Each structure stands twice: as C-alpha cells, then as structure tokens.
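What follows is each chain in one-letter form.
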Amino acid sequence: MAVGDDAVAAGMQKVPDSGEEGKVAYGAREINRTRDYIANKTRIGTAVPANSLGNNGDIYFRVV
C-alpha cells in the first residue's frame, strides 16, 4: 500500500508532495506516514469493545 492510503481510507486528507499545494514537499511523506499510523491505531464505535479486540497502544473512541 502506498504511503497515505490508510489515512485517506480513514477519512483524512493526504498531504500533497508536489505542485502548488505541496509546500511541505520533503515532510509530506512523513506526515502521511504518521496519519497512516494514527488511522491504523484508532477505532470508533458506540459499544464497549471486547477485550479480545485491538492491541496495546490502540485508541478507541466510544460515541455516547
């Protein structure tokens, strides 16, 4: 998977690394990697998750 794809799939915008919008050309890849990491570590739901789901370091947001 390309850098930034997980973040885009989670609803985050991808930081462009070229063109007029790519003003952070050299940092864009690292920003997108960070967003991929966050997208893979966070989950949202309305119920309390089972203890068997997730790993240490995961973040779960419970919507009430």
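Calculation notes
Residues numbered from 1 in each chain as written. Predicted model: local features only at pLDDT ≥ 70, side-chain atom pairs only at ≥ 80, totals over all residues. Heavy atoms only, no water. Helix = DSSP H or I, 4+ residues; strand = E, 2+ residues; numbered from the N terminus. Buried < 20%, exposed > 50% of the residue type's maximum accessible area, 1.4 Å probe, protein only. Lys, Arg positive; Asp, Glu negative; His and termini not counted. Salt bridge = Lys/Arg side-chain N within 4 Å of Asp/Glu carboxyl O. Contact = heavy atoms within 4.5 Å. Patch = residues over 30% accessible without salt bridge, like charges linked within 9 Å, V, L, I, M, F, W, Y side chains within 5 Å. Areas by Shrake-Rupley, 256 points an atom, 1.4 Å probe, with all protein chains shown as cover.

## Concerning the side chain of aspartate 36
Then comes step 1: Assignment of secondary structure puts aspartate 36 in helix α2 (residues 28-41).
Then comes step 2: Comment: no salt bridge for buried aspartate 36; closest opposite-charge side chain is arginine 33, at 7.0 Å.
Then comes step 3: Setting aside its immediate chain neighbours within four residues, aspartate 36 contacts Ala2, Val3, Gly4, Asp5, Asp6 and Ala7.

## A word on a nonpolar patch on the surface
Then comes step 1: Judged by side-chain polarity, Ile44, Ile59, Phe61 and Val63 come together as a nonpolar surface patch covering roughly 390 Å² of accessible area.
Then comes step 2: Mapped onto the elements, isoleucine 44 comes out in strand β1 (residues 42-45).

## A short note on the environment of arginine 43
Then comes step 1: Inspection of the secondary structure puts arginine 43 in strand β1.
Then comes step 2: Sequence separation between arginine 43 and glycine 54 is 11 residues, and the spatial gap between their C-alpha atoms is 9.0 Å.
Then comes step 3: Those residues in contact with arginine 43 that sit more than four places away from it in its chain are Ile59, Tyr60 and Phe61.

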